[in-house]
Amino acid sequence: MYFDIDDILTETANITCIARNDCASLAFLRPYNSTSTTVSSNVLAEGEKCELPLWACISLALESRFFDMQLPKHYGDSFRKKLDGGGENFNLRIKSLYYYEVGELLCSRIKRIPTSRRGTDNRLVLIKKEAEILREVLKKTFVGERFRKNLDWSLNSSDEDVTAHTSKLAHAEKELFDIGARSSYALESWKNHGSRRIEISSIVKASNDFIASNKRVVSPEAAADSDNKRPRVFG
């Protein structure tokens, strides 16, 4: 089995969580800049915030009663409204390199958790609603004006500096840009050299040379002598 490094990095994205109770031996999760006044330095106090990787956040914050999860600010209501209103010029890369992948993974995991898992807790119900809205905004952003602009840059900027544009792209958008740029380059190469004579592949040339160098040259006398030595079959 082979693991995708992008999938691994996606699940290491930090998600803010809030302790619902005093959690013994979990003080190491407290941020370094925390100003907690907890009596025991070994306890993560109720109401304290910490950051958990996405893979741990799912089980500890969504499938249990240990933590409450907060959507990162760049997936929150305020930022979603900005994206929904036209986010073609937003720098999503600085928010999260795997912006779309993390958002989609969050939405899919939240959707699969039964509401009954947390009893009568309304927090899960609210976050499920937020996840549905977030998924629609992510789809609209990815295939909307940002996609059109990204496609235009990838196909029509072979001789231009595209750093200012690509520096704003999330990982998924950058991959699409690279595919478009390679396709554009291949098309230009075909237009410029498509009618020229097709040369024999260097691999084929090397193979032919090898075969030729290993052919034995047999003289007529040797061939005749070889025929005389062949056994005769009488029927």
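For the structure, check the block above.
So, here's what we can say about the structure. Owing to the predicted nature of the structure, the values given are computational and were not obtained by experimental measurement.

### So, a nonpolar patch on the surface
Residues Phe147, Leu151, Leu155, Leu176 and Ile179 make up a contiguous nonpolar surface patch of roughly 390 Å² in combined accessible area. Of all the elements in the fold, those that place two or more residues in the nonpolar patch are helix H7 (145–155) and helix H9 (171–193). Tallying contributions element by element places H7 first for the nonpolar patch, with three residues. Relative to the helices and strands, Leu176 resides in helix H9.

### Focus: a negative patch on the surface
Together, Asp159, Glu160, Asp161 and Glu188 make up a negatively charged patch on the protein surface. Position of Asp161 among the secondary structure elements: in the loop between H7 and helix H8 (163–166).

### Points about the sheet that holds strand E5 (residues 67–69)
Across the sheet, which stays open at both edges, the three strands sit in the order E4-E1-E5 with antiparallel pairing between neighbours. Across the chains shown, the open sheet's two edge strands, defined by having one partner strand only, are strand E4 (49–53) and E5. Here the strands of the sheet are splayed against their neighbours by 45° on average, with no regard to which way each runs. Bridge analysis of strand E1 (residues 14–19) against E4 gives five bridges, and the strand direction is antiparallel. When the bridges of E4 are listed, Cys17 appears paired with Cys50.

Cut-offs used in this document
Residues numbered from 1 in each chain as written. Predicted model: local features only at pLDDT ≥ 70, side-chain atom pairs only at ≥ 80, totals over all residues. Heavy atoms only, no water. Patch = residues over 30% accessible without salt bridge, like charges linked within 9 Å, V, L, I, M, F, W, Y side chains within 5 Å. Areas by Shrake-Rupley, 256 points an atom, 1.4 Å probe, with all protein chains shown as cover. Salt bridge = Lys/Arg side-chain N within 4 Å of Asp/Glu carboxyl O. Helix = DSSP H or I, 4+ residues; strand = E, 2+ residues; numbered from the N terminus. Lys, Arg positive; Asp, Glu negative; His and termini not counted. Charge placed at Lys NZ, Arg CZ, Asp CG, Glu CD. Pairing = 2+ DSSP bridges. Axes fitted to C-alpha atoms, helices over the stretch in contact; angles between N-to-C directions.

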